[in-house]
Amino acid sequence: MQFIGTFTPWVVQMTSNKLKIAIIGQSTFASEVYKLIRKNGHEVVGVFTVPDQGSREDPLASVAAADKIPVFKISNWRKGKDAIPEIVNLYKETGAQLNVLPFCAQFIPMEVINYPQFQTICYHPSLLPRHRGASAINWTLIHGDKEAGFSVFWADDGLDTGPILLQKSCKVEPTDTVDTLYNRFLYPQGILGMVEAVTLVANNKAPKIAQSTENVSFEPSIRKKSLQQVDWSKTAEELYNFIRGLDSAPGAWTTVNGEEVRMFGASLWQGTLPQGTALQISGMEGEGLVHEKGLIIVGSDKKLVNVERLSIGGKMIKAADFFNANSKSEKIQFTETEEKLIGDLKSIWKSILNNDITESTHFFGSGAGSMDVVRLIEEIKDRLKISLQNEVIYMNPAFEDFCQEVILTSRQSSSEKSCVYDGVDIQVNNLELRFPTQLFINGKFVNSASGQTLDCINPADESLICQVQCASEADVDTAVEAASTAFNKGEWSKISSRDRGVLMNRLADLMEAHKEELATLESMDSGAVYTLALKTHIGMSIETWRYFAGWTDKIQGSTIPISHARPNHNLTYTVKEPFGVCALVIPWNYPLMMLSWKMAACLAAGNTVVLKPAEVTPLTALKFAELSVKAGFPPGVINIIPGTGKEVGEALAKHPKVRKIGFTGSTAVGHSILRSAADSNLKKVSLELGGKSPLVIFSDCDLEKSVKMSMGGVFFNKGENCIAAGRVFVESSIYDQFVQKVVEETKKIVIGDPLDRSVSHGPQNHKKHLEKLIAYCDQAKRDGAKLVHGGKRCDRPGLFFEPTIFTDVEDHMTIAKEEAFGPIMAISSFDGSNLDSVLQRANDTEYGLAAGVFTQNINRALEFSRRIEAGTVFVNTYNKTDVAAPFGGYKRSGIGKDLGEEALSEYLKVKCVTIEY
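Residues numbered from 1 in each chain as written. Predicted model: local features only at pLDDT ≥ 70, side-chain atom pairs only at ≥ 80, totals over all residues. Heavy atoms only, no water.

Asks: Mind showing me how you'd approach helix H15 (residues 515–526) here?
Replies: Since the α-helix packs 3.6 residues into each turn, any two residues three or four apart lie on the same face. In this model, H15 (12 residues) spans 16 Å end to end at C-alpha, consistent with the 16 Å of a helix rising 1.5 Å per residue. Of all 12 residues making up H15, 10 are buried, and the element is well covered by its neighbours. Those residues of H15 lying buried are Glu 517, Leu 518, Ala 519, Thr 520, Leu 521, Glu 522, Ser 523, Met 524, Asp 525 and Ser 526. Just downstream of H15, Gly 527 is the residue with a positive phi angle, here 90°. (Helix = DSSP H or I, 4+ residues; strand = E, 2+ residues; numbered from the N terminus. Expected span 1.5 Å × (residues − 1). Buried < 20%, exposed > 50% of the residue type's maximum accessible area, 1.4 Å probe, protein only.)

Asks: Looking at this structure, I do not really get the sheet that holds strand S40 (residues 908–916). What am I missing?
Replies: Hydrogen bonds between backbone atoms are what pair the strands of a sheet, whose relative direction is either parallel or antiparallel. Read from one edge of the open sheet, three strands run S23-S24-S40, paired in antiparallel fashion. Of all the strands in the sheet, the pair left with one neighbour each is strand S23 (559–560) and S40. The pairing of S23 with strand S24 (residues 570–578) spans two bridges and is classified as antiparallel. Bridged to Ile 560 within S24 is Thr 572. (Pairing = 2+ DSSP bridges.)

Asks: How do you make sense of unusual backbone geometry when you look at a structure like this?
Replies: Trans peptide bonds make up the majority, and among non-glycine residues the majority have a negative phi. That bond from Leu 128 to Pro 129 is cis: its omega, 20°, falls within 30 degrees of zero. Among the secondary structure elements, Pro 129 is positioned in the loop between strand S7 (120–124) and helix H5 (136–142). Omega for the peptide link from Arg 566 to Pro 567 comes to 5°, which places this bond in the cis form. By the element assignment, Pro 567 lies in the loop between S23 and S24. Not every positive phi belongs to a glycine, and Leu 682 is a case in point at roughly 55°. Summarising the element assignment, Leu 682 is placed in the loop between helix H20 (667–680) and strand S29 (684–688). When its relative accessible area of 68% is taken as the criterion, Leu 682 is described as exposed. A positive phi angle is found at Phe 821, which is not glycine, with a value near 55°.

Asks: I would appreciate a short explanation of the pairing of strand S34 (residues 824–830) in the present structure.
Replies: Moving residue by residue along a regular strand, the side chains alternate between the two faces of the sheet. Extensive coverage of S34 is indicated by the burial of six of its seven residues. Both strand S31 (residues 727–731) and S34 contribute to a ladder of four bridges, which runs parallel. For Phe 729, the partnering residue across the bridge sits in S34 and is Ser 828. Strand direction decides the pairing type here: strand S33 (residues 804–807) and S34, joined by three bridges, are parallel. When the sheet's bridge partners are listed, Ile 805 is paired in S34 with Met 825.

Have a look at this one:
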């Protein structure tokens, strides 16, 4: 029997034939086999295991003793070559019908092996006859085998030479170490395999297949130190296999500066040589290189391997810290609460090691293995609510060092993480405001490679707020590389989907706590009225992060019934996977909200992000980056790089390592991004582009509500709104009345300082846009539209433009065809008796972002909703968006959706897996 992969294809079946079984062995593996054998109804008549190590009892002995099963702790079964009669007789008294050896490090005499009715079955962690011997898993990796597995065989007087009962196999992954291979396959599947073998024996169906005489190998135990030494005549791939074959114990060693150094965490290095410091390594041709991600070593074929961790004098360090290995860090002083936590840690260590714990107790030196690491990390998470990576114990195996690291992690979790940056301190809106002005790359605020800056102008008075760093193409490469590393190798790639949701909720909480600062920044930078910024720009951003945080652990595939390949069967299922590095390019009208709409869905799906905010409104994005550090997002997951669209936006659209780009902005730029994506690497693209949304008002409407909603549809956020009602169609019978009321109400709009709570209409975002609006109105007048209110810049400092109303707008006019993206209402009349005609006019555009209708006739409303060519339709309301409702357009208004469950699909790819069995 064979199976490729980690999926468990069989279920251990119960048997009506119950056996008396002696279990001979040790370790957690053996204890789990013991539990399942008893669960299947067999009688365990005795457990033979090793003596206690100090005060630490073997796990098999502990579980058996708890069940009142006779336990025999045997130090030796033989004296010389002869079995010890007293031990053999002790064994025979159990009356076992079958011996099961799940994991046994002792030599069991043949008098015991052959004594039971069904003799003895034994587990071996290789595909026999390959890799006989005590270090089979290590040699599987050292030899670069593409397939690993285990064998259950009938024990004989040879060394792992008995007939095969069953075998299971799995693919060796490129990143596997001894621990990962054992934990994901050899341990869980091996336990089930042993119990399956017992069932086959009990049912008299157990085969005895002679081992092949081909591909036979026997390797010695890697406990011999000379076998652990690196051979520098090997290629890079051979060096990589050797190091991972000895990871996590005992480690491959070499000599550096006359000192023994052991290497862990190897990977084949792809790409160019990084910057670093040269290191002479004894026996290696060429120089090693210590850099920020580890130590580069060179194979005989001149290819490279990166090593992440080193053990020097028994102390594990990051390879990147090699030249600082002798520097001593100052011990931290524990608080009274932390001293109690240390006591809890000591209790957890003691329960695992069964030893008294002192400051110098060494976790692995006390007999702990890889499964004990898993137990340690999980118990600390469950009992102390502190999440750690497995590397923490490998890097700090001594109890004192481990406690220091746990306390530091606890402090970071319980208090906001801080970050250092060059920023601006100002007093505004009754707040002491501080915010960054640098690029945010790989968890740090840094200056741009070019040193260029962007001016941030306050549109309320055209004053300079500050200058921020302007990213270059080189900065794009750095940010993308950071995001790629975070996705493929960083902490982000290791945490669970639920933990992603925890981080996102934590970020939402921080945004809530800093909402006044964020709203003030948004108001200063974009001209949004403070009260609107607080409620919508920031409020909806917070809601978006919380909404998508809830989706992180609910992204699921499906199982699909397909035609079976008779006589076999097939199982087909789908998996939804993140793309990897995603680029996001956002506009200036809702800076933080557009960031949140896209990034929250993107991160919920498990991607990493490089985001370019609009060059005129980068400040809330940079403040957001600061909050992401405080929330605990790992370095490289979020990268914010202000810059120009021509350089930074284009570089992101063309970058070969970016697999998905999301853009909100003009239709012209959307076309450019789509072309760049196609010409580069066919990255997936989602676009939310321009609009010229029709709002149709029938005579049976609630007129007061229609006027109010129409004004909101046009003037909301000073008209800088992608779904603004760019064309208002009013039924001719109420046309004059509607115009009169809307002009009256528009005159009441309070224009002024956006930080003034009584103001409802702030300045336009930037000067170039204001000039465009003035030119737009001039063209409308030339085309024959009637200006009944506004149409010009306000006579006051700042980039203020009067709310404007044009009537008698005809379909051929520029004002009826092109998007204003400002507070300009274009009103046309229509014949209410001809729904087809007004629908034709409403659909006569290349845009299809949104549409609205006001009517009390439900049939008319439904017919309008069905036939209008728009991605979002409002009935008797307008501008009503929600984080759970998908948002996006038709035609040249874009591709894809923001918000709602549909948004997740923009950041996920679907894999289909079919298994035959």
